[in-house]
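Take a look at the letters that make up each chain.
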Amino acid sequence: MKVYSLGNKAGPTLMLLPGTCCHWKSNFAPVLPLLEPHFHVLCVSYDGFDETEPDTTFPTTEEEAAKIEAYINENLGGHLHAAYGCSLGGSFVGLLAARQNIRLEIGILGSSDLDQASPFVAKLETDIALPLIYPVVRDGRFKSKLLNKKMEKRKQEMPGYVDKFMEIMGGARPYVSMQSCKNQFYSDMITPLPDHWDGPTAIHIFYALKMGEKYRARYAQHYAHPIIHEQDMQHEELLACHPEQWAALVKEICL
């Protein structure tokens with residue numbers, strides 16, 4: 001795991017945690033120039049997903065969370081002003097808050113689905129999803145001609161969003177192994193978050209309404225007092241397609 005330090009080191013520290021199988025730089029490229037004048041930005045690059053560490057493999061969500069905590073304890077005196085997690089990254093934010101091995105003032109979950117399942121169901125879903133997802137990570141496109149055709153149709157139905165979402169994933173990355181993708185996908189689903197958590201971290205959630213009402217119920221299940229910011233958008237559309245609005249909201253919350 002690597003952590004990239006950017007921006008104004010005299011400002012409050014904001015940690016950015018990428019989404020599932022995403023590259024840290026592409027994930028946050030639209031917003032980094034908007035954050036750097038105001039924040040000391042720390043971008044996490046997970047084991048197995050950094051081109052400078054091609055021999056690493058993503059272990060489990062909890063093991064990676066422990067490495068993030070170790071970095072914060074060793075380099076920031078155990079105190080982190082704010083953390084934003086894109087999708088899967090929101091699970092890490094939730095873990096960092098719940099485990100309380102560091103002091104986190106503000107946690108922001110970006111369109112996170114907080115999907116949890118039994119080991120059996122998680123393995124089944126992983127075995128189904130990975131052959132479809134991994135070629136996109138490795139080659140930048142689906143292996144199946146049918147899926148590529150469906151993707152082109154989605155691009156026409158949702159102009160701008162699909163292309164931007166694919167951009168934040170990071171394009172073709174042949175150094176990422178299927179095992180890293182599998183471990184990340186599977187362990188996220190079986191890593192529990194507490195219910196009705198009411199700890200010292202202020203939890204903000206960017207809720208993309210077009211994901212569906214079941215996600216609001218999940219947020220209410222896991223957090224006693226979540227501060228929900230609704231957007232009539234798709235999953236992480238605010239980050240991918242409206243970086244100025246995203247950055248303005250993050251600054252409003254964190255500054």
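Peer 1: I would appreciate a short explanation of the overall build of the chain in the present structure.
Peer 2: Tallying secondary structure elements over the chain gives 11 helices and 7 strands in all. Dimensions along the principal axes, computed over C-alpha positions, put the chain at roughly 50 × 35 × 35 Å. Buried residues in the chain amount to 49% of all 255 residues. A separation threshold of at least 6 residues defines the contact pool for the chain, and within that pool the share at least 24 residues apart is 77%. Of the roughly 11400 Å² of accessible surface on the chain, 54% is carried by carbon and sulfur atoms. Side chains of the chain give 24 positive and 31 negative charges; the mean places of these two sets differ by 8 Å.

Peer 1: How should I be thinking about unusual backbone geometry in this particular structure?
Peer 2: When glycine is set aside, most residues are seen to have a negative phi, and most peptide bonds are trans. Residues other than glycine seldom take positive phi values, yet Cys21 does so here, at roughly 60 degrees. Along the chain, Cys21 turns up in the loop between strand 2 (13-17) and helix 1 (24-28). Among the residues examined, Cys21 registers a relative accessible area of 3% and is labelled buried. Its identity as a non-glycine residue notwithstanding, Ser111 has a phi of 55 degrees, on the positive side.

Peer 1: Sorry if this is basic, but what is going on with the nonpolar core here?
Peer 2: When a protein is soluble and globular, its nonpolar side chains tend to lie buried together. Of all hydrophobic cores here, the largest spans 41 residues; its most connected members are Met15 and Leu17. The biggest single contributor to this core is helix 4 (residues 88-99), with 6 residues. Dropping the residues within four chain positions of it, Met15 is found in contact with Leu42, Val44, Ile68, Tyr71, Ile72, Leu80, Ala82, Ala83 and Tyr84. Counting residues in each nonpolar core, the second largest holds 26 residues, with Phe28, Val31, Leu35 and Ala82 among its members.

Peer 1: Mind showing me how you'd approach the state of the cysteines here?
Peer 2: Two cysteines joined by a covalent bond between their sulfur atoms form a disulfide. Under the definition given, this model contains 0 disulfides. Cys86 forms no disulfide, and the closest cysteine sulfur to it belongs to Cys22, at a distance of 5.6 Å. Cysteine Cys241 shares no disulfide, and the gap to the nearest cysteine sulfur, in Cys86, comes to 12 Å. Among the residues examined, Cys241 registers a relative accessible area of 23% and is labelled partly exposed.

Peer 1: What is the right way to look at the sheet that holds strand 2 in this model?
Peer 2: Across a sheet, paired strands are connected by hydrogen bonds in the backbone, their directions being either parallel or antiparallel. Taking strand neighbours across the sheet as the criterion, the 7 strands line up as 1-3-2-4-5-6-7 in an open arrangement whose pairing is mixed. Looking along the sheet, the strands with just one partner apiece sit at the ends: strand 1 (2-7) and strand 7 (227-231). Each strand of the sheet is rotated relative to its neighbour by a mean of 20 degrees, with strand direction disregarded. Here 7 bridges tie strand 4 (residues 79-86) to strand 5 (residues 103-110), and the two strands are oriented parallel to one another. What sits directly across from His79, in strand 5, is Arg103.

Peer 1: Got a minute to help me understand the packing of helix 3 (residues 61-75) against helix 4 in this structure?
Peer 2: Each pair of packed helices can be summarised by the angle the axes make with each other and by the distance between the axes. For the pair helix 3 and helix 4, interaxial distance at closest approach is 10 Å and the crossing angle is 65 degrees. Judged on the interaxial angle alone, helix 4 and helix 3 are roughly perpendicular. In the crossing of helix 3 with helix 4, the sense of the turn from one axis to the other is right-handed. Of helix 4, the residues touching helix 3 (which contributes Thr61, Glu62, Glu64, Ala65, Ala66, Ile68 and Glu69) are Phe92, Leu95, Leu96 and Arg99.

What counts, and at which threshold
Residues numbered from 1 in each chain as written. Predicted model: local features only at pLDDT ≥ 70, side-chain atom pairs only at ≥ 80, totals over all residues. Heavy atoms only, no water. Helix = DSSP H or I, 4+ residues; strand = E, 2+ residues; numbered from the N terminus. Buried < 20%, exposed > 50% of the residue type's maximum accessible area, 1.4 Å probe, protein only. Contact = heavy atoms within 4.5 Å. Areas by Shrake-Rupley, 256 points an atom, 1.4 Å probe, with all protein chains shown as cover. Lys, Arg positive; Asp, Glu negative; His and termini not counted. Charge placed at Lys NZ, Arg CZ, Asp CG, Glu CD. Core = buried A, V, L, I, M, F, W, Y, C linked by side-chain atoms within 4.5 Å. Disulfide = S-S within 2.5 Å. Pairing = 2+ DSSP bridges. Axes fitted to C-alpha atoms, helices over the stretch in contact; angles between N-to-C directions. Parallel < 35°, antiparallel > 145°, perpendicular 65-115°, else oblique. Left-handed = near helix turned anticlockwise from the far one by under 90°.

That's the geometry; what it means functionally is another story.
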